[in-house]
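# Chains, contacts and geometry: an overview
The primary structure of each chain is shown beneath.
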Amino acid sequence: QVQLVERGGGLVQAGGSLRLSCTASGSTFSINTFGWGRQAPGKQRELVATMRSDGTTTNYSDSVKGRFTISRDNAKNTVHLQMNSLKPEDTAVYLCYANLYGVGYWGQGTQVTVSS
């Protein structure tokens, strides 16, 4: 199993930036994919960015492509999400994600609020 703890959420004006971080513990050597998802009130959870643990492949949802960047610090078992040009529709709880042997794990989440 793996435990995921996010930090870095907050309130920002539209057009601003935030950087989220997630630290993994537990069976981190078994993680094959890291990612970030988000869930807004009344909406389904969506995975917005993923990265293979070897850093070879990254994917972004169309809603964040070109604005968000996922990165990883292997030495610290930490994955980051740099969010630029934030929009009010980006307001959501952002959750860290990790996949081990086909099983997905989620963190508790951190609130991101973008004001217009």
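Here's what I pulled together on the structure shown here. (Residues numbered from 1 in each chain as written. Predicted model: local features only at pLDDT ≥ 70, side-chain atom pairs only at ≥ 80, totals over all residues. Heavy atoms only, no water.)

## Some remarks on the overall build of the chain
- The number of helices and strands found in the chain is zero helices and eleven strands.
- When its helices and strands are written in sequence order, the chain yields β-β-β-β-β-β-β-β-β-β-β.
- For 116 residues, the compact-globule formula gives about 13 Å, and the C-alpha radius of gyration of the chain, at 13 Å, lands near that figure.
- When the backbone C-alpha atoms are referred to their principal axes, the chain occupies close to 40 × 25 × 25 Å.
- A buried classification covers 41% of the 116 residues belonging to the chain.
- For the chain, the share of sequence-separated contacts (at least 6 apart) that also reach a separation of at least 24 residues comes to 52%.
- For the chain, the computed accessible surface area is about 6100 Å², with 47% contributed by carbon and sulfur atoms. (Helix = DSSP H or I, 4+ residues; strand = E, 2+ residues; numbered from the N terminus. Rg over C-alpha atoms; globule rule 2.2 N^0.38 Å. Buried < 20%, exposed > 50% of the residue type's maximum accessible area, 1.4 Å probe, protein only. Contact = heavy atoms within 4.5 Å. Areas by Shrake-Rupley, 256 points an atom, 1.4 Å probe, with all protein chains shown as cover.)

## Describing the state of the cysteines
- Per the counting criterion, the structure on display carries one disulfide.
- Disulfide pairing is shown between Cys22 and Cys96; the S-S distance is 2.1 Å. Classification of the bridge connecting Cys22 and Cys96 rests on its S-S torsion, roughly -85°, and on that basis the disulfide is left-handed. A residue pair is termed long-range when its members are at least 10 positions apart, and Cys22 in strand E3 (residues 18–26) and Cys96 in strand E9 (residues 92–100) qualify at 74 residues.
- We classify Cys96 as buried; its relative accessible area is 0%. (Disulfide = S-S within 2.5 Å.)

## As for the environment of Ala14
- Relative to the helices and strands, Ala14 is located in the loop between strand E2 (10–13) and E3.
- Remark: the alpha-carbon pair of Ala14 and Asp90, spanning 76 residues in sequence, is separated by 9.4 Å.

## Let's talk about the nonpolar core
- Ranked by size, the top nonpolar core spans 28 residues in total, and within it Trp36, Leu81, Met83 and Tyr94 carry the most contacts.
- Contributing elements (two or more residues each) for this core: strand E1 (2–7), E3, strand E4 (31–39), strand E5 (46–52), strand E7 (68–73), strand E8 (78–83), E9 and strand E11 (110–115). (Core = buried A, V, L, I, M, F, W, Y, C linked by side-chain atoms within 4.5 Å.)

## Let's talk about the sheet that holds E3
- Strands sit in the order E1-E3-E8-E7 across an open sheet of four strands; the sheet is antiparallel. At either margin of the open sheet sits one strand with a lone partner, and together these are E1 and E7. In this sheet, neighbouring strand axes are inclined to one another by 20° on average, regardless of whether the strands run parallel or antiparallel. (Pairing = 2+ DSSP bridges. Axes fitted to C-alpha atoms, helices over the stretch in contact; angles between N-to-C directions.)

## Observations concerning the pairing of E5
- Pairing between E4 and E5: six bridges, direction antiparallel. The residue of E5 that forms the bridge with Gly35 is Thr50.
- Taking the residues between adjacent antiparallel strands as the criterion, E4 and E5 are bridged by six residues, where Gly42 takes a positive phi near 75°.
- Relative to strand E6 (residues 58–60), E5 runs antiparallel, the two being bridged by three bridges. Looking at the pairing, Met51 lines up with Thr58 of E6.
- Turn length for the E5-E6 hairpin, with the two strands adjacent in sequence and antiparallel, is five residues, and the turn residue Gly55 shows positive phi of about 75°.

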